[in-house]
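# Geometric and topological summary
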Amino acid sequence: MLTVDQLKDLNNKVVIVRVDFNVPLKDGKIRDDNRIRAALPTIQKLISEGARVVLLSHLGKVKHKEAPEVVEAQKAKNNLAVVAPRLSELLGKEVAFSKDTRGENFEEAVKALKAGDVLLVQNTRYEKGEEKNDPELAKAWAKVADAYVMDAFGSAHRAHASTYGIPAILKEEGKPVAAGYLVEKEIANLMRCVDVKDSDRPYVAILGGLKVSDKIKVIDSLLKKCDKILIGGAMAYTFKKALGQKTGNSPVEDDQLDYARKCLHDANGKIVLPIDAVCTDTFENWTSKVITKEVPDGFEGMDIGPETEKLFANELANAKMIFWNGPMGVFEQKDFANGTIAICKAIASLKDCFSVCGGGDSAAAIKEFGYKDAFSHVSTGGGASLEMIENDGHLPGVDILK
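Now for a look at the structure at hand.

What counts and what doesn't
Position labels on residues start from 1 in each chain and follow its written sequence. Given that the model is predicted, a residue must reach a pLDDT of at least 70 before its local features are reported, and side-chain atom pairs must reach 80 or more before they are shown or counted; all residues, however, enter totals for whole chains, interfaces and linings. Water and hydrogen atoms play no part in the side-chain values, which are based on all heavy atoms of the structure. Here a helix means four or more residues in a row that DSSP labels H or I, a strand means two or more in a row labelled E, and each is numbered from the N terminus. Put simply, the radius of gyration uses C-alpha atoms, and a globule should come to 2.2 Å times the residue count raised to 0.38. Two residues qualify as a contact provided that any one of their heavy atoms is within 4.5 Å of a heavy atom in the partner residue. A 1.4 Å probe and the Shrake-Rupley method give the accessible areas. Residues count as covered only by the protein chains that appear here. Charge assignment: positive for Lys and Arg, negative for Asp and Glu; neither His nor the chain ends contribute. Think of each charge as sitting on NZ of Lys, CZ of Arg, CG of Asp or CD of Glu. Note on classification: 1.4 Å probe, protein chains only; a residue is buried when its accessible area is under 20% of the maximum for its type, exposed when over 50%, partly exposed between these limits. Whenever a helix is involved, its axis is fitted only over the stretch in contact; in every case the axis is a line through C-alpha atoms, and angles between N-to-C directions fall within 0 to 180 degrees. The labels follow the angle: roughly parallel below 35 degrees, roughly antiparallel above 145, roughly perpendicular from 65 to 115, and oblique for the rest. Two helices that cross are described as forming a left-handed crossing if the nearer one is turned anticlockwise from the farther one by less than a right angle, and a right-handed crossing if clockwise. Only Asp, Glu, Lys and Arg are considered charged in this grouping, and only Ala, Val, Leu, Ile, Met, Phe, Trp, Tyr, Cys and Pro are considered nonpolar; every other residue, Gly among them, is considered polar. Aromatic rings from Phe, Tyr and Trp, with only the six-membered ring used for Trp, were paired whenever their centres fell within 6.5 Å, and each pair was classed as stacked if the ring planes differed by under 30 degrees, edge-to-face if by over 60, and tilted otherwise. The rule is short: NZ of Lys or CZ of Arg within 6 Å of the ring centre and within 35 degrees of the ring normal puts a charge over the ring. Here, strands pair whenever DSSP counts at least two bridges between them. Here, the term right-handed applies to a crossover whose path from the first strand over the helix to the second runs clockwise when the strands point away from the viewer.

### Quick word on the overall build of the chain
Scanning the chain from N- to C-terminus turns up 15 helices and 18 strands. What you see for the chain is a C-alpha radius of gyration of 23 Å, in line with the 21 Å of a compact globule of 402 residues. Expressed along its principal axes, the backbone C-alpha trace of the chain runs to roughly 65 × 50 × 35 Å. Considering only contacts in the chain between residues 6 or more positions apart, those separated by 24 or more positions represent 72%. Looking at the chain as shown, the accessible area adds up to about 17700 Å², and 47% of this sits on carbon and sulfur atoms. For the chain, the centre of its 55 positive side-chain charges and the centre of its 59 negative side-chain charges are spaced 2 Å apart.

### Observations regarding unusual backbone geometry
With an omega of 5°, the peptide bond running from Arg 201 to Pro 202 counts as cis. Position of Pro 202 relative to the elements: it lies in the loop between helix H7 (181–194) and strand S10 (203–207). The phi torsion at Asp 9 lies on the positive side, around 50°, for a residue other than glycine. Tracing the sequence through the fold places Asp 9 in the loop between strand S1 (2–3) and strand S2 (14–18). Relative accessible area serves as the criterion here: at 66%, Asp 9 is assigned to the exposed category.

### Thoughts on the packing of helix H11 (residues 306–316) against helix H12 (residues 338–348)
Where H11 contacts H12, the axes come no closer than 10 Å and their chain directions differ by 25°. Overall, the two elements H11 and H12 adopt an arrangement that is roughly parallel. Like other packed secondary-structure pairs, H11 and H12 cross with a definite hand, here right-handed. Two secondary-structure elements touch here, H11 through Glu 309, Phe 312, Ala 313 and Leu 316 and H12 through Asn 338, Gly 339, Ala 342, Ile 343, Ala 346 and Ile 347. For the contact of H11 with H12, the residue count by class is 7 nonpolar, 2 polar and 1 charged.

### A look at the packing of aromatic side chains
In the structure shown here, the tally under the stated rule is 3 aromatic pairs. For the cation-ring pair, Lys 75 lies above Tyr 126, with the distance from its terminal atom to the ring centre recorded as 5.4 Å.

### Focus: the sheet that holds strand S13 (residues 277–280)
Spatially, the 3 strands line up as an open sheet ordered S14-S13-S15, and their pairing is antiparallel. Two strands close off the open sheet at either side, each with one partner strand: strand S14 (289–292) and strand S15 (300–304). Strand-to-strand twist in this sheet, taken as the mean axis angle between neighbours without regard to direction, amounts to 35°. The sheet contact formed by S13 and S14 spans 4 bridges and is antiparallel. Bridge pairing links Cys 279 to Val 290 in S14.

### Notes on the pairing of strand S8 (residues 147–150)
Alternating residues of S8 divide into Ala 147 and Val 149 and Tyr 148 and Met 150, and every residue in both groups is buried. Bridge count for S2 against S8 is 4 bridges, and the pairing is parallel. When the sheet's bridge partners are listed, Ile 16 is paired in S8 with Tyr 148. By the bridge criterion, 3 bridges tie S8 to strand S9 (residues 177–179) in an arrangement that is parallel. Residue pairing in the sheet places Tyr 148 in a bridge with Val 177 of S9. Between the parallel pair S8 and S9, the chain is carried across by helix H6 (residues 161–172), and the sense of this crossover is right-handed.

What follows is the structure in structure tokens.
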């Protein structure tokens, strides 16, 4: 796979860069510019080589099957134009914006670029064919490009027109396609969690979140790779019910009970479940809170309990490598953040351990609680990092670069 450092003779060449500018917005303003900042090294490298840089990204969701007025409202809400001024500030140079995603005006905007210029193109999901990897759309973008760089790891698990279609066409034409710095870093760190060396054992995975069904493939994959899997969050209650334990009103996937039983049987002791829980009588506006071994009738599990915090910390104490995806409880409510914070503290205390936070809610939690710097690597793609683990290092948007 080519990397951005290996691209040659870029002066005045048009390089399409797929970035991840899917930033959180509030009242039309950027709430967190981390994803923009993450793309800066790749963009700056290409500018320094005299490339004419064309940036493609999605923002939010545009559901084209909805009524036309709904689609237009979604487009207005997810207008990427808001990113151009912020990117201009961060780069210290003007960034042009194309309100057209393709066609004559888009092509003229690309032609107008001089060496070292940057053009940000409107939200790729304005195009109905983006998520379907429409070949005509991919052609419309590929025809202006001399090279392609993939730097949107958070979208690498999707075979869309901008993540898969463009590089596929350019490869056929003999034009270079490469991984940007962000994608290169993600691959290097996550592949260590896929191809496990003896020196990285014991290897412990921590999984949380809501649904077992969302994590079946990753559980199956990690059982082959890991020495232990600690399971917390709401998904733990499906496993607890499969063992015949009381789960009260906690979310349980009854259609996954057989899988949970089989999983526990096949795991040969690798899976470690919570031994107590913080429970309340309702999810919000609760009036009663208890810590108990099993969830009583009329109550719902909201976080792992203090005994589980100690159990999980002990399991992590000797780990040489950790992969974490999914919080231990409803961390957004401060009363139920202790379990997730306990995992952060346990990992932060380890001196000789390679630790990866697999993006998503886990990444939001460690940032909120001030533990981001305690991890060896924090992935920018929750879904992509999980799929990379599931598929032994394969993702559509990465494989197409090879």
